[in-house]
Amino acid sequence: MSRRSAIHDFEARERRGRWFPAFAGLLVIAVLTSTWIGLFSFMSANAAYGTVADVEDEFIPDIDEMDLTLPDLSRVSQVYASGGEVLAELHDGRNSQPIPYERMPRVMVHAILAAEDKEFFVHEGVDFRAIMSAAIDNIVLDTTRGGSTITQQVVKQNFVGAEVSIRRKIAEAFVSAELERRYEKETILEYYLNSVYFGYGSYGVAAASREYFRKPLSRITINEAATLSVLVRNPTLYDPRRRPESVIERRDGVIDEMAEAGWISEEDAEIAKAEELPVRPHRIRRGRAEHVVAEIKRQLLDLDKHEFDFLGTTKEDRKRAIFGCPADDTTCSGGGGLRIESTIDLEAQDKANEILQQWLPYPDAETNLALCTNLAGELALDTDEKIQSYTAANSCAPTGAIATVEAATGAVRVMASGLPFEVDQFDLAVQGKRNPGSSFKPFTLMAGLEYGDIEGREVTLGSYYDSSSPIVIECPYVCSSRGNEWEVSNAGGGGSGVMSVEDATANSVNTVYAQMAIDIGPEQIVQMAHRMGIESELRPVPSITLGTSEVTPLEMASAYTNFSTNGAHAAPYLVSKITNSRGDVLYEHTVEVTQVTDPLMFAAARRPLLRVPISTTAPKANIGRPQGGKTGTHQDYRDAWFVGFVPQYATAVWVGYEADQIPLTSVTINGEFYSRVFGGSVPGPIWRDFMSWYLEDVPPADFVTPEGNIGQYFKTPTTSVPSVVGLDVNAARSELRRAKLGANVVEVPSLEPEGLVLAQAPGAGATVPQGTGVTIEVSTGIPPTGILPEVFTLTFEDALAALQAFSDENRLDLVFERASQPVEDPALVGLVVGLRPGVGTEVGYGATVAIVVGAPPPEDG
């Protein structure tokens, strides 16, 4: 076959392909234009031949058995901040925003009618003239033009399908007529205007107006309405962003039709046609709180959150209820249309992100490569390829997170992550589980105040413990790599003697809290932390008191609200209310408050925490109003925290590295070099910057102390004084510390070995308050000496008593003897007139001292 004849055959087949639908349409018209009554009469009259019944069964649908309910349109759900700002629109690729017909601008309605069905309000579902005209045009004029009415398009989409056949065409006509019998014209048109696809995931005129013009439908112009109407036929072929010329030509035709119908004036038509296409570029929406929106979606889809079971009990049901129908599922209907209100304070969220970026900016690619190269040794990246790969996936700059919870209600006001959402969807404020370091100590304190010692000894803020560093603690079970021994040091290595729990809390003394953990029991600490609001799994080991189990900033902020409210804890929540498209309330959060334990106990525990931002570990967090908090610095400076509270709010700030626990050492942050980052050096000032701004318009308030005997939580328990006489001074100190007592060392000269305890007061067995200082006299190892005192004119007995006391006091063990010396003055006879060696002479241990007594002078001759 020649190339010419092959082309000829192809064109012939193509022409026959156009003729068949047209002839099928004419056949339908031939039947239908005889009027419905004529058609049914024809069928009845010829029933005897058996053909009509066959035709009726074959082509005419049983309308009475058909469900002609217009599908529920899928809708976009919207997420709102607490102030009413839109945070996000949620849909599954189908951006649908149905609105009532009454709110449809007339210009939009008329543009669609001009483009699709000018006789919509005249015909009864099928426009025979339009079908005939389209059929003739398809054959004679070699064009492709549809003759379907808007009603037929609705029927085709929802009830009879798109099969190219006479059967489907006849069914479409019958169903269209029945649909118009059942529904008002406006109802059908409303459905059509809200469901037709305009491209770029936009369904319905309202969504299309925002997609192409970034404006609400209520402000649409003639030009814009006509432009949208062009897209109905084929939004890909007539994409105004890619093919503006073809759209303009059809737009102008629609505008002319609108003017011809009298819907707009000729003058307005000419003005509209002279305008350029007002189409805006497609925009991927970037919200101001995308991490927040991601967390809201996660919670709503979490089947373990039964408060949202009204959305469904399967993932698929909930996804459909929230996001509506997928764009590619033509059989799906309904879903979405939710108004999801959150607790987030958007202005505060923005400020928190701003402060995080000021202190801990996310690095550009070049800076990040340099940072990762510097950390290559720490990260075990031994080749350039490994460095490049790590750099591509991670940030090597310190970052942070801020979480704020309203104390009285549990409302989450801020959950800011230092990672840009477009870079990493991981939310450090909610998902970032890191070691809280010493900011975990208040849970140990509360457990101690409530549970006391598992062996029956009291634990109060007035209890005392050994604060020495380092210290080796014996555990009743294996508690470290050393078995039953656990070595603990204080930050900076300082500490000596005994210290009260109150002071140890304010000054964050590790060794005291390690001993408390052993006394209280780690299981009790875990239970208290969970009751106060920590939801993460915690390992019940003694080191938990130093923050060795991972938690999130949001959990810590929630738990610290207990110190604002005296233990009246409201669980944190993010979703406050959900309503449907009709305004029906589907869900509204109810604040439920649980009293964790005695309110006075929390008021007592708060006192040392109030000292932290004033005078101990976090003065840089001071905002000049009643406040409290606790610093936390994890081992090797890998995580740094400050968790603070005021009467109204609690806020947690975490600083560290995104992907790995890298020491925060030798780093420059916010223009300042830090050899080591502590909770008070960077997180503290970040907390101050944010909370100073956040509370600017909030009047300062004092913490409330409930009525009752708060002193019971500060009572100092008693202890028994051990015997330390005869011990080395260091052993004596240790023994006294174990008894929770101090040691006041007084060095005294003695022939006993240096460092030997010679005496103590109070004596062994005495019952005294913990923390009492026991005075111990310790030998210097140097023989004692003393200066002989004046005893002149005393009787021998009185002088001997005074000198013996002198000897005992100075541990001289002197030997005394009596001597006589004649005196001229009779008044001195029998009285001491001197010493040998003399008064004021230094004498040593065991020396002999003669007490010289006056005697009468010898007689002459």
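Please read all numbers here as calculations on a predicted model, not as lab measurements. (Residues numbered from 1 in each chain as written. Predicted model: local features only at pLDDT ≥ 70, side-chain atom pairs only at ≥ 80, totals over all residues. Heavy atoms only, no water.)

We now examine the state of the cysteines. Within the structure shown, the criterion is met by 2 disulfides. Between the sulfur atoms of C372 and its disulfide partner C396 the distance amounts to 1.9 Å. Here the S-S torsion is close to 100°, and the disulfide linking C372 with C396 is therefore right-handed. Of this pair, C372 sits in helix α16 (residues 365–374) while C396 sits in the loop between α18 (384–393) and β6 (399–406); the two residues are 24 residues apart in sequence, bridging distant segments of the chain. Accessibility assignment for this pair places C372 and C396 in one class, buried. (Disulfide = S-S within 2.5 Å. Helix = DSSP H or I, 4+ residues; strand = E, 2+ residues; numbered from the N terminus. Buried < 20%, exposed > 50% of the residue type's maximum accessible area, 1.4 Å probe, protein only.)

Glancing now at the environment of E797. By the secondary structure assignment, E797 is in helix α28 (residues 796–809). Take E797: its relative accessible area is 51%, and that puts it in the exposed class. Residues E797 and V832, spaced 35 residues apart in sequence, show a C-alpha to C-alpha distance of 9.6 Å.

Okay, the nonpolar core next. Burial of nonpolar side chains together is a common tendency in soluble globular proteins. Residues L300, I340, F443, M446, M532, M556 and F563 are the most contacted members of the largest nonpolar core, which totals 83 residues. Counting residues per element, this core draws most heavily on helix α25 (residues 599–615), which supplies 7 residues. Among all residues touching F443, those that are not within four sequence positions of it are I525, M528, A529, M532, I534, M556, A559 and Y560. Counting residues in hydrophobic clusters, the runner-up holds 56 residues, among them L73, A115, I188 and A259. (Core = buried A, V, L, I, M, F, W, Y, C linked by side-chain atoms within 4.5 Å. Contact = heavy atoms within 4.5 Å.)

Further remarks concern the packing of aromatic side chains. Applying the stated criterion across every chain yields a total of 19 aromatic pairs. Considering the side-chain rings of W693 and Y694, the 6.4 Å spacing of their centres and the 20° angle between planes classify their relative orientation as stacked. Pairwise contacts between aromatic rings join F440, F443, Y560, F563, F602, F645 and F703 into one cluster. Between the NZ or CZ atom of R241 and the centre of the ring of Y200, over which it lies, the distance is 4.5 Å. (Phe/Tyr/Trp six-rings, centres within 6.5 Å; stacked < 30°, edge-to-face > 60°. Lys NZ or Arg CZ within 6 Å of the ring centre and 35° of its normal.)

Of the consecutive residues S469 and P470, the connecting peptide bond is found in the cis state with omega at -5°. Tracing the backbone through its elements, the reader meets P470 in the loop between β8 (464–466) and β9 (471–474). In the segment running from A761 into P762, the intervening peptide bond is cis, with an omega of 0°. Among the secondary structure elements, P762 is positioned in the loop between β23 (757–761) and β24 (767–769). Positive phi values are uncommon outside glycine, yet S508 reaches one of about 55°. By the element assignment, S508 lies in the loop between α20 (501–507) and α21 (510–520). Look at S666: it is not a glycine, yet its phi comes out positive at around 50°. Within the secondary structure layout, S666 lies in strand β19 (residues 665–669). On the basis of relative accessibility, which here comes to 53%, the residue S666 falls in the exposed class.

Turning our eyes to something else, we now look at α18. Restricting attention to buried positions, one finds in α18 the residues I387, Y390 and T391. When α18 is viewed along its axis, its buried side chains cluster within an angular range of 100° and face the same direction. The exposed set on the far side of α18, more than 90 degrees from its buried face, consists of E385, S389, A392 and A393. Where α18 is buried, its residues contact α16 and α17 (376–379). (Arc of directions from axis to C-beta.)

Strand order in the open sheet formed by 3 strands is β22-β25-β23, with mixed pairing between adjacent strands. Two strands close off the open sheet at either side, each with one partner strand: β22 (742–748) and β23. Taking each pair of neighbouring strands and ignoring which way they run, the sheet shows an average axis angle of 25°. Summarising the sheet, β22 and strand β25 (residues 773–779) pair through 7 bridges and their orientation is parallel. (Pairing = 2+ DSSP bridges. Axes fitted to C-alpha atoms, helices over the stretch in contact; angles between N-to-C directions.)

A few words now on the side chain of E406. Within the fold, E406 resides in strand β6. For E406, the contacting residues outside a window of four places in its chain are A411, R413, Q648 and Y649.

What follows covers the pairing of strand β5 (residues 339–342). Residues I340 and S342 of β5 are buried on one face, while the alternating residues R339 and E341, pointing to the opposite face, are not. Examined bridge by bridge, strand β1 (residues 77–80) and β5 share 3 bridges and lie parallel to one another. Its bridge partner lying in β5, Y80 is registered against E341. Sheet topology places β5 next to strand β13 (residues 575–579); 4 bridges connect them, and they run antiparallel.

The subject of this paragraph is the sheet that holds strand β7 (residues 412–417). Strand order in this open sheet of 5 strands is β7-β6-β18-β17-β16, and the pairing throughout is antiparallel. Each edge of the sheet is formed by a strand with only one pairing partner; in this case those strands are β7 and β16 (628–633). Geometrically, the sheet is characterised by an average inter-axis angle of 10° between neighbouring strands, direction not taken into account. Bridge count between β6 and β7: 5 bridges; the pairing is antiparallel. Paired with T404 across the bridge in β7 is V414. Each of β16 and β17 (639–645) is contacted by α25, which is oriented at about 70° to β16, the strand it contacts most.

A full pass over the atoms with the stated rule returns 37 salt bridges. For R298, the salt bridge goes to D302, with nearest N and O atoms at 4.0 Å. Salt-bridge contacts for E378 lead to R638; the nearest nitrogen and oxygen are separated by 3.7 Å. Placement of E378 in helix α17 and of R638 in the loop between β16 and β17 is noted, with a sequence separation of 260 residues between them. A relative accessible area of 43% means that E378 is categorised as partly exposed. One network of salt bridges, with partners in common, ties together K118, E257 and E260. (Salt bridge = Lys/Arg side-chain N within 4 Å of Asp/Glu carboxyl O.)

What follows concerns the confidence of the model for the protein chain. Within the protein chain, residue pLDDT values average 89, and 90% of them lie at 70 or more. Low confidence marks residues 1–53, where pLDDT is under 50. Its contacts with residues over four positions away, or in another chain, come to 37 contacts. Of the regions scoring below 50 in pLDDT, residues 141–145 engages in 10 contacts with residues more than four places distant in sequence or in other chains. (pLDDT = per-residue confidence, 0-100.)

One can describe the packing of helix α19 (residues 441–451) onto α21 by two numbers: an axis separation of 10 Å at closest approach and a directional angle of 45°. Comparing the axis directions of α19 and α21 gives the class oblique. Handedness of the crossing formed by α19 with α21: left-handed. Contact residues: α19 offers K441, T444, L445, A447 and G448, while α21 offers N510, Y513, M516 and I520. (Parallel < 35°, antiparallel > 145°, perpendicular 65-115°, else oblique. Left-handed = near helix turned anticlockwise from the far one by under 90°.)

Before going further, it helps to examine helix α26 (residues 683–694). In an α-helix, one turn spans 3.6 residues, which is why side chains three or four residues apart end up on the same side. Taking 1.5 Å per residue, 12 residues should reach 16 Å; α26 reaches 16 Å between its end C-alpha atoms and fits that length. Residues of α26 that are buried include every one of P683, G684, P685, I686, W687, F690, M691 and Y694, and no others. Those residues of α26 hidden inside the fold are in contact with α15 (346–359), β6, β7, β17 and β18 (649–656). (Expected span 1.5 Å × (residues − 1).)

Another aspect to go through is the packing of helix α9 (residues 205–213) against helix α10 (residues 222–231). Running from N to C, α9 and α10 cross one another at 110°; their axes reach a closest spacing of 11 Å. By the angle class used here, α9 and α10 are roughly perpendicular. Contact residues: α9 offers V205, A208, S209, Y212 and F213, while α10 offers E224, T227, L228 and L231. Here the contact of α9 with α10 is composed, by residue class, of 6 nonpolar, 2 polar and 1 charged. (Nonpolar A, V, L, I, M, F, W, Y, C, P; charged D, E, K, R; others polar.)

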